[in-house]
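If you want the building blocks of each chain, they are given just below.
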Amino acid sequence: MDTPDCITVECNLCGSTHAEPIRVGRDLMLGHPGEWTLVQCRRCGFIYLNPRPRDMAPYYEGSYLPFEHRPKHTLIPRRPKSKIEEVSVGAAGGYYSLLQQVTKATSGQLLDVGCATGDFLVVAATAGWTVTGCDLSIFATEQAKQRMRPFPDARIFHGTLESLQLSSDSFDIVTLWHSIEHVENPKATLHEVYRLLKPNGRLILQTPAWLSLESQLFKHYWAGLDFPRHLSLFSHTTLKRLLQQIGFSSIRSLYQTSYYFSLTSIIFAAQQYLPATLLSKLYQLLSLGPMMLYSSPFFRVIDNCGLGSLLTFVASKPMPLKHHDDRFS
Ligand SMILES: [Zn+2]
């Protein structure tokens, strides 16, 4: 790729153009050239990539992590395909557990924004939900369509959520698993989610937590940065403020630490010092089941202190206020 063609943007939360650089880094996941800068809005504290590529498509290819195939130049050691599938299925299973915590229902209309190849949609549809998914990747949506064939009511779309023009008040649940940080205009996307939800419908959103312990420890090696694909990084404060601005109510949050996420940050940092062969051995060692098991209590403490690496928000679209006519009271 030649020198990237970039654009500069204003703060998506408050519209200010006054921001200061706070972290610089490179594409450690796929190895695309270029150095990228995260800036923090001086007025509201929102963190975003600025400048950013005019065209994001080359930075995804078919090989981006949620998708099945990986490029030869990836900097993460390759794993057997079955391992990739285990991670995918494990993540989708965890997402469904969260959905079950939020709602006791096992059926209804569910939309997944940024559905990738459809791991979560398969789990939700199998459980009884009528599912709709969308993603910016043609490769991913074609894969998702193939996988959703056993579910004739399922709909998979390619494109931004805002471009789909789905019906208002039509979904019981809208999920964004690690997708809000990828969209160009998170405020517009969440406004659209709000429009699409039925009254009392719920949004479930998970994204890397900017103020997590891992973010502070690993700095520009933190997996949550994923330069230049993560265009926005949220703290609890900025995300809650955005949801409130849009009109969501009953806003709740929780922190979780993902072992795979931590492992990725460790590998990104270690690749500075270790040759590829040792890096691969380190990855295999840290991928062992007992390592995950022993780290679990430590991660729970971090989560309970509000320093976990993943931030999940659940929020509701309130019921419309009934028109009150004083003449009849
Ligand atoms: Zn701002």
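What counts and what doesn't
- Throughout, a residue's number is its position along its own chain's written sequence, starting from 1.
- For this predicted model, a pLDDT threshold of at least 70 governs which residues receive local features, and a threshold of 80 or more governs which side-chain atom pairs are given and counted, while totals over whole chains, interfaces and linings are taken from all residues.
- Only strands joined by at least two bridges in the DSSP assignment are considered to pair.
- Helix and strand assignments follow DSSP, with helices taken as H or I runs no shorter than four residues and strands as E runs no shorter than two, numbered in order from the N terminus.
- Axis definition: a line fitted to C-alpha atoms, over the contacting stretch in the case of helices. Angles run 0 to 180 degrees between N-to-C directions.
- Distance between backbone-placed C-beta atoms decides contact: two residues are in contact if it is within 7 Å.
- Confidence scores per residue from the predictor, reported as pLDDT, run from 0 to 100.
- Put plainly, a residue is buried at 20 or more neighbouring C-beta atoms within 10 Å of its own, exposed at 12 or fewer, and partly exposed in between, counting only other residues' C-beta atoms, which are placed from the backbone.
- When the strands point away from the viewer and the connection leading from the first strand across the helix to the second strand turns clockwise, the crossover is called right-handed.
- Should an angle fall under 35 degrees it is called roughly parallel, over 145 degrees roughly antiparallel, and 65 to 115 degrees roughly perpendicular, with every other angle called oblique.
- What makes a crossing left-handed is the near helix being turned counterclockwise from the far one by less than a right angle; a clockwise turn instead makes it right-handed.
- Residue type decides the class: Asp, Glu, Lys and Arg count as charged, Ala, Val, Leu, Ile, Met, Phe, Trp, Tyr, Cys and Pro as nonpolar, and the leftover types, Gly among them, as polar.
- Given a helix with a known number of residues, its expected span is that number minus one, times 1.5 Å.
- Fitting axes to the seven residues that end at a residue and to the seven that start at it, the angle between those axes gives the bend at that residue.

## Describing the sheet that holds strand 6 (residues 109–113)
- Spatial strand order, 8-7-6-9-10-13-12: seven strands in an open sheet with mixed pairing. Either end of the sheet is taken by a strand with one partner, and the two such strands are strand 8 (155–158) and strand 12 (249–256). Ignoring which end each strand starts from, the neighbouring axes of this sheet average 15 degrees apart.
- Where strand 10 (residues 197–208) meets strand 13 (residues 310–316), seven bridges bridge the pair, whose relative direction is antiparallel. Note that in strand 13 the partner of Thr207 across the bridge is Leu311.
- Contacting strand 7 (130–135) and strand 8, helix 3 (residues 138–147) crosses the sheet at an angle of about 165 degrees to strand 8.

## A closer look at the confidence of the model for the chain
- Per-residue confidence for the chain gives a mean pLDDT of 87; residues scoring 70 or more make up 88%.
- This model gives residues 67–88 a pLDDT under 50, and the stretch forms 30 contacts once residues within four places in sequence are excluded.

## Focus: the environment of Thr8
- In this fold, Thr8 is placed in the loop between strand 1 (6–7) and strand 2 (19–25).
- Judged by C-beta crowding, with 10 C-beta atoms within 10 Å, Thr8 ranks as exposed.
- In this structure Thr8 touches Asn50 and Pro51, once residues within four positions along its chain are discounted.

## Some words on the pairing of strand 8
- With four bridges connecting them, strand 7 and strand 8 associate as parallel partners. Counterpart to Asp135 in the pairing with strand 8 is His158.
- Considered for its hand, the β-α-β crossover made up of strand 7, helix 3 and strand 8 is right-handed.

## So, the packing of helix 5 (residues 186–196) against helix 7 (residues 236–246)
- At their nearest, the axes of helix 5 and helix 7 sit 10 Å apart, and the two run at 50 degrees to each other. When the axes of helix 5 and helix 7 are compared, the pair comes out oblique. As for the relative orientation of helix 5 and helix 7, their crossing is right-handed in sense. Contacts between helix 5 and helix 7 involve Pro186, Lys187, Leu190, His191 and Tyr194 on the former and, on the latter, Leu242, Leu243 and Ile246.
- Looking at the contact of helix 5 with helix 7 residue by residue, the class counts come to six nonpolar, one polar and one charged.

## Things to note about the packing of helix 8 (residues 259–270) against helix 9 (residues 276–286)
- The interhelical angle for the contact between helix 8 and helix 9, taken along N-to-C directions, is 160 degrees, at an axis separation of 11 Å. One way to sum up the angle between helix 8 and helix 9 is to call them roughly antiparallel. The hand of the helix 8/helix 9 crossing is right-handed. On helix 9, the residues touching Leu263, Ile266, Ile267 and Ala270 of helix 8 are Leu279, Leu282, Tyr283 and Leu286.
- Across the contact of helix 8 with helix 9, the residue classes tally to eight nonpolar, no polar and no charged.

## Quick word on unusual backbone geometry
- With an omega of -5 degrees, the peptide bond between Asn50 and Pro51 qualifies as cis.
- Assignment of secondary structure puts Pro51 in the loop between strand 4 (47–49) and strand 5 (52–53).
- Put simply, Phe227 and Pro228 share a cis peptide bond, and its omega is -10 degrees.
- Following the sequence through the fold, Pro228 ends up in the loop between helix 6 (213–218) and strand 11 (232–233).
- The phi angle at Gln165 is positive, at roughly 55 degrees, despite the residue not being glycine.
- Its place among the elements puts Gln165 in the loop between helix 4 (161–164) and strand 9 (171–177).

## Observations regarding helix 10 (residues 289–304)
- Taking 1.5 Å per residue as the helical rise, helix 10 with its 16 residues ought to reach 22 Å, and the 23 Å between its terminal C-alpha atoms agrees with that figure.
- A bend of about 40 degrees at Ser296 is the largest found in helix 10, and the proline Pro297 appears one to four places after it.
- Of all 16 residues making up helix 10, only zero are buried, and the element is barely covered by its neighbours.
- Immediately downstream of helix 10, the backbone of Gly306 shows phi near 75 degrees, a positive value.

## Regarding the sheet that holds strand 4
- Pairing is antiparallel across the open sheet formed by four strands, whose spatial order is 2-3-4-11. The sheet is open, and its two edges are formed by strand 2 and strand 11, each paired on a single side.
- Strand direction decides the pairing type here: strand 2 and strand 3 (residues 36–41), joined by six bridges, are antiparallel. The partner of Pro21 across the bridge, within strand 3, is Val39.

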